[in-house]
Amino acid sequence: MPNVEGISCGERDKNQELSISSTSYSKDFEEEELWQEELWRFLDPNPLLVDDFTQLVRNDLKSHSYPMPIRLEGGMRLINTFEEEFIEDTWIKLSKKVASGISRSVASFKGEERFVACTGIFVDSNESTSRVLTSASLVRTCADEYKIADNLRIKVYLPNKQVAEGTLQHYNLSYNIALVNVLGFRCLQTAELHNQRQIEPHMEVVAVGRIFESGKLMAASGIVADKEGNLDCKELMISTCKVTKAGIGGTLIDFDGNFIGMNFHGMEETHYLPRSMVLELLRHFEGSDDADEASYKKPNRWPVPEPRWSYPRSRAPRAWTIDGVYDFLEILP
């Protein structure tokens, strides 16, 4: 069972001084901007001056594991973050019953620094405990894809707008799925996973995500794609919903609120684990006494964009070919 989703470690929250973009960029444009950033590092390797402002910015970014910009200029934006909103908002197409209490946000922390933020959903509860289904990216370490990170604290955004401590109960690194226990809280509205809704090609669906710190709900509509994914996991399916990294671990539902599956990341199309496979994994968890569900095949991760700073194109050097770089260097004083 290969791993079906990956996430870059180190990401951070919205900075009040430097705006974060909610715009998605094409692959070619991102590659150009990355090349531009490397060129700027070569031409001006000196770090930013340390003063009260840059130290404030540095501390704010570090608390969410986001990178420090290489320079400060107007129009710069931090992109590919866990605060990046969905481009489309389809909540108006859903009923209040469907829209209320449908998803939760979950985040992991190393010390005081946020590690990863995901979306999740309550799947069951009793008098004293509720459980959240989410992506195992919440706890996966980047240094070794076969392991989870040590000494993480998990926080869950509750329906009453409070934040509770969570505990990792089960995980599977092959299917990138995790269950988090929330003690001392009983959720009165949990997902109905046993509905009989059949997944059919071209059926309309909605991908749901929630930003951790603000608690903002987001939804992107699309259809179930009639094609196979480009990953090794044959159980994965695809929808045309366009989600950001905030939607990782979020639910895919129909317009009646029926649970279709759990989303991973995708800007143009989104892979999701269908309900039948989610239920199979939950049954497996219940039959296992081992809370640490090890991955026994080499993980297969697809790229998830790193958080980075985007600078105005008007300030970019005039050529991006190798010959163009030499031409650019020759005109420098």
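Residues numbered from 1 in each chain as written. Predicted model: local features only at pLDDT ≥ 70, side-chain atom pairs only at ≥ 80, totals over all residues. Heavy atoms only, no water.

Caption draft 1: Here's a closer look at the overall build of the protein. Scanning the protein from terminus to terminus reveals 5 helices and 14 strands. In the protein, buried positions account for 52% of the 333 residues. Sequence separation of 24 or more characterises 71% of the internal contacts of the protein that already satisfy a separation of 6 or more. Surface accessibility of the protein: about 16,300 Å² in total, with carbon and sulfur atoms responsible for 50%. (Helix = DSSP H or I, 4+ residues; strand = E, 2+ residues; numbered from the N terminus. Buried < 20%, exposed > 50% of the residue type's maximum accessible area, 1.4 Å probe, protein only. Contact = heavy atoms within 4.5 Å. Areas by Shrake-Rupley, 256 points an atom, 1.4 Å probe, with all protein chains shown as cover.)

Caption draft 2: Inspection of the environment of V206 at higher detail. Assignment of secondary structure puts V206 in strand 8 (residues 204-210). Using a relative accessible area of 0% as the deciding quantity, one classes V206 as buried. Sequence spacing of V206 and A220 is 14 residues, and the spatial spacing of their C-alpha atoms is 5.5 Å.

Caption draft 3: Fine view of the sheet that holds strand 4 (residues 129-135). Pairing is antiparallel in the closed barrel, where 6 strands are placed in the order 2-3-4-7-6-5. Between one strand axis and the next, the sheet turns through 40° on average, direction left out of account. Both strand 3 (residues 113-125) and strand 4 contribute to a ladder of 4 bridges, which runs antiparallel. Its bridge partner lying in strand 4, D124 is registered against R131. (Pairing = 2+ DSSP bridges. Axes fitted to C-alpha atoms, helices over the stretch in contact; angles between N-to-C directions.)

Caption draft 4: Spatial organisation of the environment of E200. Its location among the elements puts E200 in the loop between strand 7 (177-183) and strand 8. Expressed as a C-alpha distance, the spacing of E200 and I223, which sit 23 residues apart in the sequence, is 9.4 Å.

Caption draft 5: Seen up close, the packing of aromatic side chains. On inspection of all chains with the given rule, the structure shows 2 aromatic pairs. Between F122 and F185, the ring centres sit 5.7 Å apart and the planes meet at 40°, which makes this aromatic pair tilted. Highlighted residues: F122 in strand 3 and F185 in the loop between strand 7 and strand 8, separated in sequence by 63 residues. Classification of F122 as buried rests on a relative accessible area of 3%. The class of F185 is buried, set by a relative accessible area of 15%. One residue, K155, lies across the ring of F109, its end atom 4.8 Å from the ring centre. (Phe/Tyr/Trp six-rings, centres within 6.5 Å; stacked < 30°, edge-to-face > 60°. Lys NZ or Arg CZ within 6 Å of the ring centre and 35° of its normal.)

Caption draft 6: Structural context of the sheet that holds strand 12 (residues 259-263). A sheet is described by the order of its strands in space; here 6 strands give the open sequence 9-8-11-12-13-10, paired in antiparallel fashion. In this open sheet, the two edge strands, each paired with only one partner strand, are strand 9 (217-223) and strand 10 (237-239). Going from strand to strand, the sheet's axes swing by 40° on average, the running direction of each strand aside. The strands that helix 4 (residues 275-286) touches are strand 12 and strand 13 (270-274); relative to strand 13, the one it contacts most, it runs at about 50°.

Caption draft 7: Examining the confidence of the model for the protein more closely. Taken residue by residue, the protein gives an average pLDDT of 76. The fraction at 70 or more is 69%. Model confidence for the protein, summarised as mean pLDDT per element, is weakest for helix 5 (residues 322-330) at 40 and strongest for strand 5 (residues 152-157) at 95. Below pLDDT 50 for its whole length, residues 314-333 participates in 21 contacts with residues either more than four positions away or in separate chains. (pLDDT = per-residue confidence, 0-100.)

Caption draft 8: Expanded view of helix 4. Helix length check: helix 4 (12 residues) gives 17 Å between terminal C-alpha atoms against 16 Å at 1.5 Å per residue, within 8%. Buried within helix 4 we find R275, M277, V278, L279, L281, L282 and F285. Among the structural elements, strand 4, strand 6 (163-172), strand 7, strand 12 and strand 13 are those in contact with the buried residues of helix 4. (Expected span 1.5 Å × (residues − 1).)

Caption draft 9: Structural context of the pairing of strand 13. In terms of burial, strand 13 is a largely internal element, 5 of the 5 residues being buried. What you see with strand 13 is no split at all: T270, Y272 and P274 on one side and H271 and L273 on the other are buried throughout. The sheet contact formed by strand 10 and strand 13 spans 3 bridges and is antiparallel. Bridging across to strand 13, I238 finds its partner in H271. In the sheet, strand 12 pairs with strand 13 via 3 bridges, with the strands oriented antiparallel. Counted as the bridge partner of N263 is Y272 from strand 13.

Caption draft 10: Inspection of unusual backbone geometry at higher detail. One non-glycine residue, S65, lies in the positive phi region at around 60°. Non-glycine residue K161 carries a positive phi angle of around 70°. On the secondary structure map, K161 appears in the loop between strand 5 and strand 6.

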